[in-house]
Amino acid sequence: MTERIRQFIESHQLLDPEGLCLVALSGGADSVCLLLVLRQLGYRVEAVHCNFKLRGEESDRDEQFVENLCNELNVALHKVHFDTQAYAELHHLSIEMAARQLRYAYFEQLCNDLGAQAVCVAHHQDDSVETILMNLVRGTGIHGLTGIKPRQGHVVRPLLCISRHEITCWLEERGQTYVTDSSNLVPNVIRNKLRLQVIPQLQDITPSAQTNILATARRLAEAERVLDAAVGQQLSTLVEGDGIDIELLLRQPSAEMLLFEWLTPCGFSPATIEDIASRLSQAQAGRQWRSASHLLAVHRGRLLLSPLPQPLPVLRIPEPGIYVSGTIRLHLRLLEGRVIERQANVASLDADRVTFPITLRPAEAGDRFHPYGMKGTKLVSDYLTDHHVPPAQKLTQQVLVDASGQIVWLVGQRPDARFCIHDTTVRTLQVSYVGRLGG
């Protein structure tokens, strides 16, 4: 078994024999086996233990076991305690996700602080089978059916070539003790249900079920490489700037697959991507979909992908002067007579028609103004659509309103006709805007 692990590490180039390896040591059979095997193979190792404070005395028992084991082996130990429950509540996460985020953030920090080449975690073949089945029942794409990867950033997994049974047998042969996490023995979360209930039934049906699942995952991993290369080549020709021409996309063998590869890194869910793909042939201008970080919108026959903007400030302006908020700078000057500047970032207004205080704020649904040079009023949203303003820019459009709440300037676009300079203007209020016009 040790020789297979050595060959696996070498074939996947997981570790440098000269570098420092950190071992995530929970005290369970898998991590204890990993620590002992790496030492036996001659790697320079130090241990890392995370106490998530979730199992009361059992968590403290695990920590004490890890301390004793490291003392016996003369292995340096790095310990950290987390208030996982509080972190989960603060960030609205499940306990499992909160523990994962805390653990891997700490691993990354410790690697950098110690100059370690990697953090070794003890995922094995059984874990990979569970992950494949979890992704399958959740409706993943091909990438989720290839199993756990041997390397992800600083995290490496040298035990993916062996099974849980092999690990426990190896430890028993050496008389090595370990601790058992009682939470893993209760079928209360999906991974535990798969491990304790579903996989045993699959093995009753086919004793080689796990072996066959892993073999399928390896074949899918090969198919994944071919697919990634083909999709990457197609996307490189389809994506221009921040968008894709819908008509060209529909000519491809699988528009949905291309959308999946393009949009998944931006946080769009498989269900959302399926919805987007189903509407491509009748995509209406202005239609939008959002992830937590990005906006995808139909605009002039294209799908435009843009990061969601940061919230815009509200700036109250009591009198002429210079006002700064973040990257935005407004300069308001009172000038005698009629002074007209024909620049997009400057508004020339009749000073006697504008009532202070005025406010710079984001455009809102229902905002209406009387665009200079046009008859009657118009919704700001309709004006922006008529002038082909991209959807992401609409989200960052700002307006300048007077004390009565009337829009005096659609910033960077057009002033309101009711406040513009006219033949009887005596004083000009000149407003200069420095920032990203339209946001």
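See the structure printed just above.
Residues numbered from 1 in each chain as written. Predicted model: local features only at pLDDT ≥ 70, side-chain atom pairs only at ≥ 80, totals over all residues. Heavy atoms only, no water.

Brief notes about the overall build of the chain
Spelled out, the test is: By definition, any uninterrupted DSSP run of H or I lasting at least four residues is a helix, any uninterrupted run of E lasting at least two residues is a strand, and each is numbered from the N terminus. The cut-offs for exposure are 20% and 50% of the maximum accessible area for each residue type, with area from a 1.4 Å probe on protein chains only; residues under the lower value are buried, those over the upper are exposed, and the others partly exposed. Every residue pair with non-hydrogen atoms within 4.5 Å of one another is taken to be in contact. When charges are counted, Lys and Arg contribute as positive and Asp and Glu as negative, whereas His and the chain ends are disregarded. By convention, the charge on Lys lies at NZ, on Arg at CZ, on Asp at CG and on Glu at CD.
A count of helical and extended segments in the chain gives 14 helices and 22 strands. On the principal axes, the C-alpha backbone points of the chain span a range of 100 × 50 × 40 Å. The buried share among the 439 residues of the chain stands at 44%. Put simply, of all contacts in the chain between residues at least 6 apart along the chain, 67% involve residues at least 24 apart. Here the chain contributes 43 positively and 49 negatively charged side chains, and the mean placements of these two sets differ by 7 Å.

Overview of the packing of aromatic side chains
Selection criterion: What counts as a ring pair is set by centres within 6.5 Å for rings of Phe, Tyr and Trp (its six-membered ring), and what kind of pair is set by the plane angle: stacked under 30 degrees, edge-to-face over 60, tilted for all other angles.
For the structure shown, the criterion picks out four aromatic pairs. Considering the side-chain rings of F369 and Y383, the 5.5 Å spacing of their centres and the 80° angle between planes classify their relative orientation as edge-to-face. You can see F369 sitting in strand β17 (residues 368-369) and its partner Y383 sitting in helix α13 (residues 380-386), a full 14 residues away along the chain. Three or more aromatic residues link up through ring pairs in this structure, and these residues are F52, F82 and Y106.

Considerations on the packing of helix α6 (residues 125-138) against helix α9 (residues 209-238)
Filter applied, for reference: Working convention: axes come from line fits to C-alpha atoms, limited for helices to the stretch in contact. Angles between N-to-C directions cover 0 to 180 degrees. Under this scheme an angle from 65 to 115 degrees is roughly perpendicular, one under 35 degrees roughly parallel, and one over 145 degrees roughly antiparallel; angles in between are oblique.
Contact geometry of α6 with α9 gives a least axis separation of 10 Å together with a crossing angle of 70°. In terms of orientation, α6 and α9 fall into the roughly perpendicular class. On α9, the residues touching Q125, D126, S128, V129, I132 and L133 of α6 are Q210, I213, L214 and A217.

Regarding the pattern of salt bridges
Cut-off, in case you're wondering: Think of a salt bridge as a Lys or Arg side-chain nitrogen and an Asp or Glu carboxyl oxygen that are within 4 Å of each other.
For the coordinates displayed, the defined rule picks out 23 salt bridges. For the salt bridge of E130 with R195, the shortest nitrogen-to-oxygen distance reads 3.1 Å. With E130 in helix α6 and R195 in helix α8 (residues 190-205), this residue pair connects regions lying 65 residues apart in the sequence. R195 sits in the partly exposed class, given a relative accessible area of 27%. With a closest N to O distance of 2.4 Å, R225 and E222 form a salt bridge.

Some details on the sheet that holds strand β8 (residues 243-245)
Defined as follows: Whether two strands pair depends on DSSP finding at least two bridges between them.
Overall, antiparallel pairing links the five strands, which are arranged β7-β8-β11-β10-β9 in an open sheet. A single partner strand is all that each edge strand has here, and the edge strands are β7 (239-240) and β9 (288-290). Bridge analysis of strand β10 (residues 294-299) against strand β11 (residues 302-307) gives six bridges, and the strand direction is antiparallel. Among the inter-strand pairings, A297 is bridged to a residue of β11, identified as L304. Across the sheet, helix α11 (residues 255-263) is in contact with β7, β8, β10 and β11; its angle to β11 comes to roughly 15°.

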